[in-house]
Amino acid sequence: MRYSEDWLAKIRSTPFYERRMSWNDVYEYYHFDKAQVREEQKVVIFPEGVWMEISRHYSSDYDFIKVKAVSFNDLFFDGSDVDGTIAMGSLYHTFRIDGHSIDLDQHSEDEDDKIDRQEELLKFIYTYSHISDPRLPPVPKGILKI
């Protein structure tokens, strides 16, 4: 099983919001269909959405959001959140998945630090959501995935 029963129960008990945009709409809005844009933004698009709890700024509250992509300085949703937003606006938040958390709420203007923050978040997501990394080559048929 991918997630714990507690985490799945929390996802199921979260009131779902009205999606104002589909992932395809978000994809087109940010021009992710263009290789140059994906490369400039260092966008990593997940093969499936990942449910995460993300801290709100200036509050102790968290929002439950289904994340579909991460760039070097932003997080993109699989649709929209409760406010109709389609992206987080920064990676300066605390993120939770299934009882695990990572705090990236440190501000820096250094480009290398932003890329490191993206890598930290991606590592966290791959570790605790158990989705595959789309940047890795596909496993050839006949070879077992470990």
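In short, a report on the structure. This one's a predicted model, so the numbers in the text were calculated from it and none came from an experiment. (Residues numbered from 1 in each chain as written. Predicted model: local features only at pLDDT ≥ 70, side-chain atom pairs only at ≥ 80, totals over all residues. Heavy atoms only, no water.)

## Quick look at the packing of aromatic side chains
The final tally for this structure, using the stated rule, is 11 aromatic pairs. Measuring from ring centre to ring centre gives 5.2 Å for Trp7 and Phe64, while their planes differ by 45°; the resulting arrangement is tilted. Taken together, the residues Trp7 in helix H1 (residues 5-13) and Phe64 in strand E2 (residues 62-70) connect sequence positions 57 residues apart. On the accessibility criterion, Phe64 (11% relative accessible area) is buried. Ring plane angle 85° and centroid distance 6.0 Å describe the contact between Phe46 and Tyr126, whose orientation is recorded as edge-to-face. One end of the pair, Phe46, is in strand E1 (residues 44-55); the other, Tyr126, is in helix H4 (residues 111-129), and 80 residues separate them in sequence. In terms of burial, Phe46 and Tyr126 fall into one category: buried. Put simply, the rings of Trp23, Tyr27, Tyr29, Tyr30, Phe32 and Phe76 touch in pairs and so form one group of aromatic residues. One residue, Arg96, lies across the ring of Tyr62, its end atom 3.6 Å from the ring centre. (Phe/Tyr/Trp six-rings, centres within 6.5 Å; stacked < 30°, edge-to-face > 60°. Helix = DSSP H or I, 4+ residues; strand = E, 2+ residues; numbered from the N terminus. Buried < 20%, exposed > 50% of the residue type's maximum accessible area, 1.4 Å probe, protein only. Lys NZ or Arg CZ within 6 Å of the ring centre and 35° of its normal.)

## Points about unusual backbone geometry
The phi dihedral of His31 falls on the positive side, at around 60°, and the residue is not glycine. Looking at the element boundaries, His31 is found in the loop between helix H2 (23-29) and helix H3 (35-41). Judged by its relative accessible area of 39%, His31 is partly exposed. Despite not being glycine, Lys42 has its phi angle at roughly 55°, a positive value. As for its position among the elements, Lys42 is in the loop between H3 and E1. Judged by relative accessible area, which is 41%, Lys42 ranks as partly exposed.

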